[in-house]
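Chain residues, written in single-letter form:
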Amino acid sequence: MKTYIVGNWKMNLTVGESSIYLQKLLKRIKPAKGLEIAVAPSAIAIQPLRIQLDRLKSKVKLSAQNFYQKDYGAYTGEVSIMQLRGLVDYAIIGHSERRYIFGETNKDLCQKVAAALRNNVTPILCIGETENERSFGETVSVIRDQLHGALSEIDADDVKKVIIAYEPVWAISSNKNARLASPDDVAESVRLIRSELKEIYGKETAEETPILYGGSVNPNNAGAYLTVPGVNGLLIGGSSLISDHFIDIIELAKRVKS
Ligand code: PEP
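*Asks:* Help me out: how do you make sense of the layout of surface pockets in this one?
*Replies:* A water-sized probe rolled over the atoms picks out the places where empty space is left. A volume near 620 Å³ is recorded for the largest pocket. Looking at the largest pocket, it is lined by 22 residues, and the ones nearest its centre are Met11, Gln65, Asn66, Arg98 and Phe102. Per-class residue counts for the lining of the largest pocket are 12 nonpolar, six polar and four charged. Roughly 260 Å³ of volume is contained in the second largest pocket. Around the second largest pocket, the lining is made up of 15 residues, and of these Lys30, Pro31, Ala32, Lys59 and Val60 lie nearest the centre. Sorting elements by how many residues they give to the lining of the second largest pocket places strand β2 (residues 35-40) first, with three residues. The residue inventory of the lining of the second largest pocket, partitioned by class, reads seven nonpolar, two polar and six charged.

*Asks:* Could you clarify how one ought to interpret the pairing of strand β4 (residues 90-93) in this entry?
*Replies:* Side-chain positions along a regular strand alternate between the two faces of the sheet. Of the two faces of β4, the one carrying Tyr90 and Ile92 and the one carrying Ala91 and Ile93 are both buried. Inspection of the sheet shows strand β3 (residues 61-64) paired to β4 by two bridges, in the parallel sense. Counted as the bridge partner of alanine 64 is alanine 91 from β4. Bridge count for β4 against strand β5 (residues 122-127) is four bridges, and the pairing is parallel. Directly across from tyrosine 90, in β5, lies its bridge partner threonine 122.

*Asks:* I would appreciate a short explanation of the pattern of salt bridges in the present structure.
*Replies:* Pairing is possible between side chains that carry opposite charge, provided their charged atoms lie close to one another. A complete count under the given rule lists 19 salt bridges for this structure. Lysine 160 is the salt-bridge partner of glutamate 204, the closest N and O atoms lying 3.0 Å from each other. Here glutamate 204 is found in helix α10 (residues 203-208), whereas its partner lysine 160 is found in the loop between α8 (156-159) and β6 (163-166), with 44 residues between them in sequence. Judged by relative accessible area, which is 24%, lysine 160 ranks as partly exposed. By sharing partners, the salt bridges in this structure join Asp157, Lys160, Glu204 and Glu208 into a single network.

*Asks:* Before we go on, may I ask you to explain the pairing of strand β1 (residues 3-8) in this structure?
*Replies:* Across the six residues of β1, six count as buried, placing the element largely inside the fold. Alternating positions in β1 separate into two faces, Thr3, Ile5 and Gly7 on one and Tyr4, Val6 and Asn8 on the other, with burial throughout. Inspection of the sheet shows β1 paired to β2 by six bridges, in the parallel sense. Bridge pairing links valine 6 to alanine 38 in β2. Pairing of β1 with strand β8 (residues 233-236), which is carried by four bridges, proceeds in the parallel orientation. Each residue of the ladder has a partner; that of valine 6, found in β8, is leucine 235.

Scoring rules and cut-offs
Residues numbered from 1 in each chain as written. Predicted model: local features only at pLDDT ≥ 70, side-chain atom pairs only at ≥ 80, totals over all residues. Heavy atoms only, no water. 1 Å grid on protein atoms, 1.4 Å probe; cavity = no way out; pocket = protein on both sides within 12 Å on 5 of 7 lines; lining within 4 Å. Points joined across faces, edges and corners; volume = space filled by probe spheres on them. Nonpolar A, V, L, I, M, F, W, Y, C, P; charged D, E, K, R; others polar. Helix = DSSP H or I, 4+ residues; strand = E, 2+ residues; numbered from the N terminus. Buried < 20%, exposed > 50% of the residue type's maximum accessible area, 1.4 Å probe, protein only. Pairing = 2+ DSSP bridges. Salt bridge = Lys/Arg side-chain N within 4 Å of Asp/Glu carboxyl O.

Given below as structure tokens:
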């Protein structure tokens, strides 16, 4: 299975800054077999970065951070994945900021996963419990609900095309009081996710579905997370905004996974 290193820039960097960042990234990193690198810029930067990547025939991929689940129509201010088709290879779905700031529900996310798949874009489905849910012992049920909710209309063949990102909300660096998840915490949740996938879709699908970890990953701890059994890569927020850190993590992933 490939190793995925995905940078989520969130609502940061202007179009010009995004382009300069990408230029630096492309200069510094060499493609490596089995390593997939993607960045998720703001929606307005996607097309210029697509042109920049195509001009250089780069293998670095682009991801959307979000989209609306209908393909087209009277949805003022929204962008559909059909409109993004051909510009991005991936789309982040259900990031905790979408769930808790913008009120996205499992039903919305289920429609978004289906919309991405019908438009040939790979969904990166984020799941993970909040601090409160964890302290009330609800981690297992939350992960189960989020997984079942977002995948309820997806069959086993299509689930293999979905990437799951386990992102405990309490470990995401932008949260007040964020704390680091231990590799054991991550291993336990990744085991749970695979066992849920196995229960719904069978062993083969459970083994073939990539699972990423995200939550305060930086160049110092990335190696530990990448070596957690069952982790196939990283989804990185804050550290991906510092190009040197993102590049260090990519280099580390090459060494750890080779
Ligand atoms: C994220 O928001 O998806 C994330 C993983 O952020 P950070 O790496 O900053 O914790």
